[in-house]
Amino acid sequence: MKKKIRRIIQFLTNPRLLLCLLIAWFITNGWSYLALAIGTACGINWLTAVASAYLAFLWLPVSPEKIVTVAIAIALMKKLFPDDRRTLAVLKVLRKNIKKVISKHKEK
C-alpha cells in the first residue's frame, strides 16, 4: 500500500505533468480569473460580465471542467514531452484500468 501511494505521489508531482496541468488549468479556468481581475480593476464592464458568467458556470456541480482540464493536460503532455515514457506509460495503464471499470459497469 505504501509503495502504491508513493508511486501516485511521484506521478502527481512530476514537474512535466504539473506544467501541463497548469497550462490546461489556465486554458479552462485561469483566463476567467485574470479577466475578472482586469475587468474589475480597469472598469471594463463587458469583460467583468463575461468572466463572471463563465466562473459561475465553472462553480456549478455539473460542470465538466475538471475532466476537460485533465484531458487537455494529457494531450499537452503527449505533445510537449513525447520522450517522457515513464509518465505516459502510467497514463496508459490508467486508461486501461478505466476502460476495464467501464466495461464491467456496462455488463451489469
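The rules we used
Residues numbered from 1 in each chain as written. Predicted model: local features only at pLDDT ≥ 70, side-chain atom pairs only at ≥ 80, totals over all residues. Heavy atoms only, no water. Helix = DSSP H or I, 4+ residues; strand = E, 2+ residues; numbered from the N terminus. Rg over C-alpha atoms; globule rule 2.2 N^0.38 Å. Buried < 20%, exposed > 50% of the residue type's maximum accessible area, 1.4 Å probe, protein only. Contact = heavy atoms within 4.5 Å. Areas by Shrake-Rupley, 256 points an atom, 1.4 Å probe, with all protein chains shown as cover. Lys, Arg positive; Asp, Glu negative; His and termini not counted. Charge placed at Lys NZ, Arg CZ, Asp CG, Glu CD. Expected span 1.5 Å × (residues − 1). Salt bridge = Lys/Arg side-chain N within 4 Å of Asp/Glu carboxyl O. Core = buried A, V, L, I, M, F, W, Y, C linked by side-chain atoms within 4.5 Å. Axes fitted to C-alpha atoms, helices over the stretch in contact; angles between N-to-C directions. Left-handed = near helix turned anticlockwise from the far one by under 90°. Nonpolar A, V, L, I, M, F, W, Y, C, P; charged D, E, K, R; others polar.

S.K.: What's the story with the overall build of the chain in this structure? I'm lost.
M.R.: Counting its secondary structure elements, the chain contains 5 helices and 0 strands. Across the chain, helices and strands are ordered from the amino to the carboxyl terminus as α-α-α-α-α. Compactness check: the chain gives a C-alpha radius of gyration of 18 Å against a globular reference of 13 Å for 108 residues, more than 25% above the reference. Based on the C-alpha atoms only, the size of the chain along its principal axes is roughly 50 × 40 × 30 Å. Split into buried and exposed, the 108 residues of the chain put 24% on the buried side. Partitioning the contacts of the chain with sequence separation of at least 6, the portion at a separation of at least 24 is 55%. For the chain, the accessible area works out to roughly 8,600 Å², and carbon and sulfur atoms hold 70% of it. With 19 positive and 4 negative side-chain charges, the chain shows a separation of 7 Å between the mean positions of the two kinds.

S.K.: Got a minute to help me understand helix α5 (residues 85-107) in this structure?
M.R.: For an α-helix, the turn length of 3.6 residues means that residues three or four places apart are oriented alike. The end-to-end C-alpha distance of α5 is 33 Å, a good match for the 33 Å that 23 residues give at a rise of 1.5 Å each. Taken as a whole, α5 has its buried residues at Thr87, Leu88 and Leu91. Residues of α5 that are buried in the fold lie against α1 (2-12) and α4 (65-80).

S.K.: Can you help me understand the pattern of salt bridges in this one?
M.R.: Pairing between side chains becomes possible if they bear opposite charge and their charged atoms approach one another. The tally for this structure, following the rule as stated, stands at 1 salt bridge. Two residues, glutamate 65 and lysine 66, come together in a salt bridge whose shortest N-O distance is 3.1 Å. The exposure class of lysine 66 is exposed, given its relative accessible area of 59%.

S.K.: What am I meant to see in the nonpolar core here?
M.R.: The nonpolar side chains of soluble globular proteins are, as a tendency, buried together. One finds Phe11, Leu17, Cys20, Ala24, Ala73, Leu76, Met77, Leu88 and Leu91 forming the largest nonpolar core, which totals 9 residues. Counting residues per element, the ones that place at least two in this core are α2 (15-42), α4 and α5. Apart from the residues lying within four places of it in its own chain, the contact partners of phenylalanine 11 are Leu17, Thr87, Val90, Leu91 and Leu94.

S.K.: Would you explain the packing of α2 against helix α3 (residues 45-58) in this entry?
M.R.: The geometry of a pair of packed helices is captured by two quantities: the angle between their axes and the separation between those axes. Relative orientation of the contacting elements α2 and α3 amounts to 145°, with a least axis distance of 8 Å. As for the relative orientation of α2 and α3, their crossing is left-handed in sense. Residues Thr28, Asn29, Trp31, Ser32, Tyr33, Ala35, Leu36, Ile38, Gly39 and Thr40 of α2 touch α3, and the partners they reach there are Leu47, Thr48, Val50, Ala51, Ser52, Tyr54, Leu55 and Leu58. For the contact of α2 with α3, the per-class residue count stands at 11 nonpolar, 7 polar and no charged.

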